[in-house]
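Structural characterization, general
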Amino acid sequence: MTKTEGGPAVVIRGLNVVRGKRRVLPDLSLVVPPGQVVGLLGPSGSGKTTLMRAIVGVQIIESGTVTVLGHAAGSPAVRDRVGYVTQDPSVYLDLTIRENIAYFGRAVGLRGGDLRSAVDRTLVEVDLVSHADDLVRDLSGGQESRVSLACALVARPTLLVLDEPTVGLDPVLRRDLWNLFGDLATQGYSLIVSSHVMDEATRCDRLVLLREGRVLADVTPAELLAMTGTTDADTAFLALVEATDERDVR
Ligand SMILES: Nc1ncnc2c1ncn2[C@@H]1O[C@H](COP(=O)(O)OP(=O)(O)OP(=O)(O)O)[C@@H](O)[C@H]1O
């Protein structure tokens, strides 16, 4: 149950990633502060998943450094302190919700009363107490996503990396999840949450806008609107894209 201590959650310097024949991340540098919800926003194919994979240490990189909680990404020192929820729910369909969460809790060494209380607390956080003993195969898509999130949360990782966690959820569930992310950050945990839904930008403490693997902006939501003279994140993103295109043409 360690929170982010002092230093940045993530420091990336000169990161180059090639996937297939494409240079997906060309010389990307970024610092993610601790204890905040940082939104990674950008259109489909802009490199959000690739960047998240590099942060959790599962992406082969060509050059550059990725430092997470003061250690090399993916190194044993940080493996249990980073939770990663991919776009495809990776839970066991033939186990109940409670059994799934307990399985992931055991994997990080929780046992007995500690395990039981961690599972109970996590069930409350993701609002699945009343379904705790249902098999995952009988759940809706939104409920299944929340089980995935619970499986990462049970270990109380210092850094949570969530790839499009709100896709396919109804507005009420999306709001509840964003409230949960905010609560976790207030407690000192660091979250990186990707989305291609720009209106979710307002729920973040900080925004990293990606386009074709480049950081277009790394700002607070208020700074984004102020620097583009717009009133919503969608229009702000388009204004930034146009400004970058004009600069590239010149
Ligand atoms: N396994 C792969 N092999 C080759 N190229 C890949 C592979 N995975 C992704 N890419 C390419 O890398 C680029 C970035 O993909 P990535 O999945 O990181 O983007 P994304 O912003 O997460 O997109 P989405 O919002 O659709 O999930 C895309 O051009 C994609 O085609």
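Quantities reported herein were computed from a predicted structural model and do not represent experimental measurements.

Another point: the sheet that holds strand 4 (residues 63-68). Read across the open sheet, the four strands follow the order 2-1-4-5; overall the sheet is antiparallel. For this open sheet the edge positions go to strand 2 (22-32) and strand 5 (71-72), each flanked by a neighbour on one side alone. Alignment of strand 1 (residues 10-19) against strand 4, held across five bridges, turns out to be antiparallel. Directly across from Asn16, in strand 4, lies its bridge partner Ser63. On top of the sheet, helix 1 (residues 48-56) reaches strand 1, strand 2 and strand 4; it is set at about 120° to strand 1, its chief contact.

Let us now look at the UniProt feature "domain: ABC transporter" (unreviewed entry) in the chain. The sites that UniProt annotates as "domain: ABC transporter" (unreviewed entry) are residues 10-237. Between the first and last C-alpha atoms of residues 10-237 the distance is 24 Å; the span itself is 35% helix and 26% strand.

Attention now goes to the environment of Ser75. With respect to the element layout, Ser75 can be found in the loop between strand 5 and helix 2 (76-79). Taking C-alpha positions, Ser75 is 7.5 Å from Gly57, a pair spaced 18 residues apart along the chain.

All right, on to the site of the ligand then. Of all residues adjacent to the ligand, which total 13 residues, the nearest are Arg19, Gly20, Ser44, Thr49 and Thr50. Listed by contribution, the elements that provide at least two residues to the shell around the ligand are strand 2 and helix 1. The element contributing the most residues to the shell around the ligand is helix 1, with three residues. Among the residues making up the shell around the ligand, the classes are represented as one nonpolar, nine polar and three charged.

Okay, unusual backbone geometry next. Despite not being glycine, Asp127 has its phi angle at roughly 60°, a positive value. Within the secondary structure layout, Asp127 lies in the loop between helix 4 (112-125) and helix 5 (141-153). In this structure Asp127 comes out as partly exposed when scored by C-beta crowding, with 15 C-beta atoms within 10 Å. One non-glycine residue, Glu164, adopts positive backbone phi at about 45°. If you trace the backbone, Glu164 turns up in the loop between strand 7 (159-162) and helix 6 (171-186). Take Glu164: there are 20 C-beta atoms within 10 Å of it, and that puts it in the buried class.

Time to look at the packing of helix 3 (residues 97-107) against helix 5. Helix 5 packs onto helix 3 with a crossing angle of 30° between their chain directions and a minimal axis gap of 8 Å. It follows that helix 3 is roughly parallel to helix 5 by the angle criterion. Where helix 3 crosses over helix 5, the handedness of that crossing is right-handed. Residues Ile97, Asn100, Ile101 and Phe104 of helix 3 touch helix 5, and the partners they reach there are Val147, Ala150 and Cys151. In terms of residue class, the contact of helix 3 with helix 5 is made up of six nonpolar, one polar and no charged.

Cut-offs applied
Residues numbered from 1 in each chain as written. Predicted model: local features only at pLDDT ≥ 70, side-chain atom pairs only at ≥ 80, totals over all residues. Pairing = 2+ DSSP bridges. Helix = DSSP H or I, 4+ residues; strand = E, 2+ residues; numbered from the N terminus. Contact = placed C-beta atoms within 7 Å. Axes fitted to C-alpha atoms, helices over the stretch in contact; angles between N-to-C directions. UniProt positions renumbered as here; feature names shortened; annotations may be inferred. Near = placed C-beta within 6 Å. Nonpolar A, V, L, I, M, F, W, Y, C, P; charged D, E, K, R; others polar. Buried ≥ 20, exposed ≤ 12 C-beta atoms within 10 Å, placed from the backbone. Parallel < 35°, antiparallel > 145°, perpendicular 65-115°, else oblique. Left-handed = near helix turned anticlockwise from the far one by under 90°.

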